[in-house]
Amino acid sequence: MSQLDRRQALKLFAGLGAAAAVPSLAACGGSSLSEDSGSGSSGGPIKIGMLAPQSGVYKVIGDDMINGFKLYLQLHGNKLGGREVDLIIADEGETGDSGRAGAEKLLKQDKVLAMTGVVSSAVMGAIVDMVETAQVPLVGSNASPTTLQGVTYIWRTSYVNDEPGKALGEYLGRTLKGTVYCIAADYQAGKDEVNGLLSTLPKDKLYGDPVYTPFAPNPTTNFQPYLTAIKQSDAEAVFCFYAGSSAVEFVKQYKQFGVNKRLYAPGFLTEGKVIESQGDAALGIFTSMNYAADLDNPANRTFASEYQKQPGWGIPTTYAMASYDAAAVLDKAITIAGDDLTPQSLNAAIGKIGQIDSPRGAWQFNQNRTPLQKWYLREVRRDGGVLSNVLVSELTTLG
Amino acid sequence: MRDGMKGGMKVLGPAAVVVALVAAPFIATSYVISLATGVLVLGLLTMSVNLLTGVAGLPTLGQAAYFGVGAYATALVARSWTQVGVVHLLVATAAGAAVAALTGLVVVRTRGVVFLMLTLAIGELTYSAVLEWDTVTGGSDGRATPAVSPVWGMPALRNDGLVYLWVLAVFLLLFALVAAVVRSPFGLALRGIRDNEARMRADGYPVTRYLLVAYTFAGGLAGAAGALWISSERFVSPSDIGFHVSAMALIAVVLGGLGSMWGAVAGMGLVVLTRDLVGGQFTGDLAGRGVLLLGLVFVAAVYLMPRGLAGLRLLTRRRQALAAPGSEES
Amino acid sequence: MVGWFDAYAVSIVDGIAFGLLYFTLAVGLSLVFGMMDVLNLAHGTLYLAGAYLAYALSDGGWGGLVLGLAAGIAVGLGGGALLAAMTQPLAHRGHLDQALLTLGLSIVGAEVFLLASGGEPLPAEPPAGLRGSVEVLGHVYPAYRLLFIGVAGVLALAVYLAFERSSLGALVRATVADRDMVRTLGVDTRRVLFGVFAVGAVLAVVGGVLGAPILGPAPGIDGHVLVMSLVVVVIGGLGSVRGALLGALLVGQVDTLGRAIAPDYAAFLLFGAMFVVLAVRPGGLISMVKSA
C-alpha cells in the first residue's frame, strides 16, 4: 500500500470510529460531575438492563438467561407490570472488568430502571458497589457469592453458592454406609459447594480432605491423575463440582477410566447442553438442584412446554428458569410500585411481592434477598430416548 | 522565528491535551469519564510495559503480576489500615518494585523469547498464587474496598468525575516522571542496550544492572497503577490481573508505536474505545461482538499503522527521514 | 519400587499420550519460530479448527475419521499458506508486529468458532470401536488414548526422521541455523519457509482432528493449546525437532505424573518447571538457533 492509500484508509477508519463514538460522548442528561438521577419516566416504555455473557466461556449460560427472560416477556405481551419493556442486553464477558464495563453502560449510559442477569460471581463482586451507589435494583438470576450479604439493592432469584452442596450433605450422610470422596474445581464456587456439603455431611463420612483441581489460568482438562487416586481410595461414592467444558471432560473421563463409584454433584455438572456432549457417560449421575424440567406444577407445565417449542432452545435449565422468575419478580414489583416508578420505589416494591408461583414450585425472598426454596434430587436417565435430569425426590428446603 | 514557532507548537500540543483532559469531566457523561479513568490507569500499566519493551527492548508478558501485587497490597491496606490514596500509592509502588527486583534477578539475564516466556511464567504463577491464597486475597470472588480519599482531610471519592480528576493528577505526575527518565542518560543507555547490547557492554556499561533497575522501576510503576485501580474500581479480582491484561498492554504498546509513551497510552485508549465504548453499543444479537471488532482492528492496524499511532503523520505534511524503530517522542 | 510404578503407571502412560499430542502441536511452532523468526499466535486456533472438523465430520465410524484427516490436511495447508502470506510483509518488522497480527487473527477465529458452536463444548467421539476402555495389568485405560499413543508415536518418528535424516530435513536444519548462508548457496529460502509453515500448520490441524476425543473443541481451548505449545517450544529449544520432542514429553509428564504426585502444587507445576529449566538453560534443552 502506498503512503497515500494508507492515509486515506486511516482517515476513513478514524472518521467511522468518531461517528460511532459521538452519540455516546454527547452529554445528554448531565455531565459526570453532577449526581446521577434515576430513570423514572411515566407511562412510556421502561428500560430493563440484562447483563449476561455473550462472549467467553459462559456464553451458553448467558443465552439461557436471555431466553428465559424473553420467554416471560413473550407470554405477557412484552409487558412487565402493565408497562411496555425495552430489554437492553449488555455483554458481561468473562472477567470482572468486562462485567463492570457492561454494568456501567447499562447504569450510566442507558440509565435503566432495573438490572437483571449476571452469571459470574466475580462480576457480581465487581458491581456491588456500583449498583448500591446508583440505587438501582439488580434482580440477579445466577451469580451468588456466599459473602454477598447486607445489601439493599441486590436480589437473587437463583440460590446461594453453597446451597446445592448443603442439600446433598444430609442425604448422603443418611444413605451411604461408607465415605464420600470430595473433588471440585479450584475457584470460589467450588469451595463454596464443598463447604456447603461439609456443613451438613457428618464428619466421619468424608474421605480424607477435599481435593481441588486447578481451574485458572488453565482449567484442568485431563483428570486422569485424580481419577486414579479416586479409584485407589476406599470411598463408597464421589461428590464433585464442575461446570461447562470441565464438566464434560470430567464425566467422560470418569467413565473412561472405569471409576465404579456412584457420582453425586450439584446439578451444574449435567445441566443444559453439556449432557449431550457427555452422552451415555452421564447415565446414573445424581445431582441436586432447585429445579427439574419434569416438575409437575401448573407454572412449570406452561414454562417447560413453551420453552421447548422455541427452536434450538432445548430442555429448560435452572438458569433459564431463574431468569424467567426474575421477570416475574419485576412484573409483580412494577405493578405494586404503580405510578411512582423510580429505581428506588421499585426496589422497595420488590420487598413486598410475597410468594412467586414459579416453575420450581412456590418460593419467596428471605432476609438475605435470596430464595427460600425446595431442593430436588435428580438422576440422569434416558427419558424417551433423550438424556435428561429426571426428578427422583425432594431433598430439603433451604434459604 | 520559525524555530521559535516550532518550539511553541511543541509545548502547545501537549498543553492543549492536558487542558482537554482536565476539562473533560465537566463536559462528558459519567459513562465516558469512567472509561477514560480506566484508560488512564491501564495506560500507566502500558507505559511500564513500554519502558521494558519499547525502550529497553525486552518484550514482557508479566507486568500484570506487579500491577496485581500493587492492587492487592492496596486492597489489604484499604481494608485494614487507611483509605488515604497517597499512602496506597506509596505502598503499592514499593510492593511492585520489591517483587520486580526479586524476580528481575533471574529474568534480566535472558533476552528475546526466553525473557518473554519467563515473564509469562511470572504472570501466571502470580495469578495462581493470588487464587490459592484466598484467605488473604478473597480468591476468585475478589476483594471489595472502601472508597479512597486522596489525601488526609479530603472526603472519600465516589463521584466518577472526582475519581477521574484524582487519577488524572497522579497520571500526569507519573507521566512527567517517566518522560524525564526516558530522556535522561539512563533512558538513552537503555535504548542503546536495545539497539546494540554488545557495543554497550564493550563500552563498559553494566548492562545487567541497568536492566534490573529498569525492571524494578517498571514494576513500581505497574504497582502504582494497581493502587489507582483500587481508587477507581474499589474492587480487584484475579481476572483483573490475568494473562490477558498483560497481553492487552503489550498489544497496546505495539499499537501505539514501540518506545513512545503517549503512544502507549493512546494504544490502550484505542483498545478500550473499540472493545468497550464501541463494542458496548452492540446490543441485541450483536451484543458481545466487541471482541471480534477488536481482533479486526488489530489486523487492520498491522498493515495500516506500521509504526503505530505515534508513527502516524496525519497532522503534518513533513515526511521525515525514516527514523530507527520507535521514534524517540515522549 | 514396583509398587510405586504400579500406582503411577496410568499417569506415566497418560503423560506419554499428552506428550506426543503436545509434540505434534508444538513442532510446527518451533520450526516456524526458530527458522522464520515468526511468532504465530494463531497456532492454537489451528488446533481448534482441526478439533471442530473432527466433531463436524464424525459419523461414528472410520469413514468420518478418514474424512476428518483429509479435511484437516487441506485446512492445514490452506491455513499455513494464508498465515505465511500474511506474515510475509512483516518479515523485517519483528516479533511484536507478527504477534499483533496473529493475535488479531486468532481472536477472529475464536469468535467464528463461538458463533458456530454457540459457546458449548462440542462432543468429539472416536469411531465406535474405540470408544470403550481396555484393561491392562489391572489398570483401566481408554482405548482411544492407547491407539493415539501409537499413531502419534509413528507420526513423531516420521517427522523426526524426515528432519534429522533426509536431505530436505538437512536443508530445513541449515535454514534454521543460518538462513543467509543457505541463500548464498542459491536456495530460495522463502520456499523453504512457506513449506515449513504449511507442514507445521498441517501438523497442528491434524493434531486437532486426532486429539479431539482427548482435548475436545471448546471455547478457550485455542488459548490453552497455544500456551502449552509455547512452553514446550521454549523448554525444548527453538528450531529443534529433538528439543520439541524432549520438551513435549517432559511437559506431558509434569502435567500428569507431576499432578498425581504433588496435587497440592498442581497449579504451579507447569510454569514452575519452565521457570527452572529456563533459569538454568536459557537456550532450552537443545539449542539450535545461531545466536545473532
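Scroll up a little and you will see the structure.
Sequence order sets the numbering: in each chain, residues are counted from 1 along the sequence as written. Labels are handed out in written order, letters beginning with A for the chains and numbers beginning with 1 for the ligands. Local features in a predicted model are, by the rule used here, given only for residues with pLDDT of at least 70; side-chain atom pairs are given and counted only at 80 or more, and totals for whole chains, interfaces and linings are based on all residues.

This part is about the overall build of chain B. Broken down by element type, chain B carries 13 helices and two strands. Dimensions of chain B, computed from the C-alpha atoms along their principal axes, are close to 55 × 45 × 45 Å. Think of it as a crowd count around each C-beta: if 20 or more other C-beta atoms lie within 10 Å the residue is buried, if 12 or fewer it is exposed, and in between it is partly exposed, with C-beta placed from the backbone throughout. Taking all 330 residues of chain B together, 59% fall into the buried category. Note on conventions: DSSP H or I runs of at least 4 residues are helices, E runs of at least 2 residues are strands, and numbering of each starts at the N terminus.

Turning our attention to the overall build of chain C. Of the regular secondary structure elements, chain C holds eleven helices and two strands. Starting at the N terminus and ending at the C terminus, chain C contains elements arranged as α-α-α-α-β-β-α-α-α-α-α-α-α. In terms of C-alpha radius of gyration, chain C reaches 19 Å, essentially the compact-globule figure of 19 Å for 292 residues. The principal-axis extent of the C-alpha atoms belonging to chain C is close to 60 × 45 × 35 Å. Counting every position in chain C, which comprises 292 residues, the buried fraction comes to 56%. We compute the radius of gyration from the C-alpha atoms alone; for a globule the expected value is 2.2 Å times N to the 0.38, where N is the number of residues.

With that settled, the discussion passes to the interface of chain B and chain C. Counting residues at the interface gives 25 residues for chain B, matched by 25 residues for chain C. Counting only elements with at least two residues in the side of chain B that touches chain C, the list comes to α5 (112–132), α11 (243–256) and α13 (290–304) of chain B. Residues are defined as contacting one another if the C-beta atoms placed from their backbone atoms lie within 7 Å.

This next bit is on the sheet that holds strand β6 (residues 154–156) of chain A. A strand pair is defined by DSSP finding two or more bridges across the two strands. Spatial strand order, β2-β3-β1-β4-β5-β6 (chain A): six strands in an open sheet with mixed pairing. Every interior strand has two partners, whereas the edge strands, β2 (79–80) and β6 of chain A, have only one.

All right, on to the packing of helix α8 (residues 185–195) of chain B against helix α10 (residues 207–233) of chain B then. All names here are of chain B. The N-to-C vectors of α8 and α10 enclose an angle of 115°; their axes lie 10 Å apart at closest approach. Considering the relative orientation of α8 and α10, their crossing is left-handed. Counted together, A189, L190 and I193 of α8 and V207, Y210, L211 and A214 of α10 form the full contact between these two elements. Whenever a helix is involved, its axis is fitted only over the stretch in contact; in every case the axis is a line through C-alpha atoms, and angles between N-to-C directions fall within 0 to 180 degrees. By definition, turning the near helix anticlockwise from the far helix through less than a right angle yields a left-handed crossing, and turning it clockwise yields a right-handed one.

What follows covers unusual backbone geometry. Residues and elements named next belong to chain A. Although it is not a glycine, N78 sits at a positive phi angle of roughly 60°. Position of N78 relative to the elements: it lies in the loop between α2 (59–75) and β2. In this model, R369 sits at a positive phi of 65°, which is unusual for a non-glycine residue. In this fold, R369 is placed in the loop between β13 (361–365) and β14 (371–383). For R369, a count of 21 C-beta atoms within 10 Å gives the class buried.

Our next topic: the packing of helix α6 (residues 167–177) of chain C against helix α8 (residues 189–211) of chain C. Residues and elements named next belong to chain C. At a minimum axis separation of 11 Å, α6 and α8 run at an interaxial angle of 105°. Classed by the angle they form, the pair α6 and α8 counts as roughly perpendicular. Contacts between α6 and α8 involve L171, V172 and T175 from the first element and T189, V192 and V196 from the second. Tallied by class, the residues present in the contact of α6 with α8 amount to four nonpolar, two polar and no charged. Throughout this description, any angle smaller than 35 degrees is read as roughly parallel, any larger than 145 degrees as roughly antiparallel, any in the 65 to 115 degree range as roughly perpendicular, and the remainder as oblique. Any residue outside Ala, Val, Leu, Ile, Met, Phe, Trp, Tyr, Cys, Pro, Asp, Glu, Lys and Arg is labelled polar, Gly included; the first ten of those are nonpolar and the last four are charged.

Glancing now at the pairing of β13 of chain A. All names here are of chain A. Across three bridges, strand β12 (residues 356–358) lies against β13 in antiparallel orientation. Its bridge partner lying in β13, D357 is registered against A362. One ladder, built from two bridges, connects β13 with β14; its direction is antiparallel. Opposite F365, over in β14, you have P371 as the bridge partner. Here β13 folds back onto β14, and the loop between the two strands holds five residues, one of which, R369, carries a positive phi near 65°.

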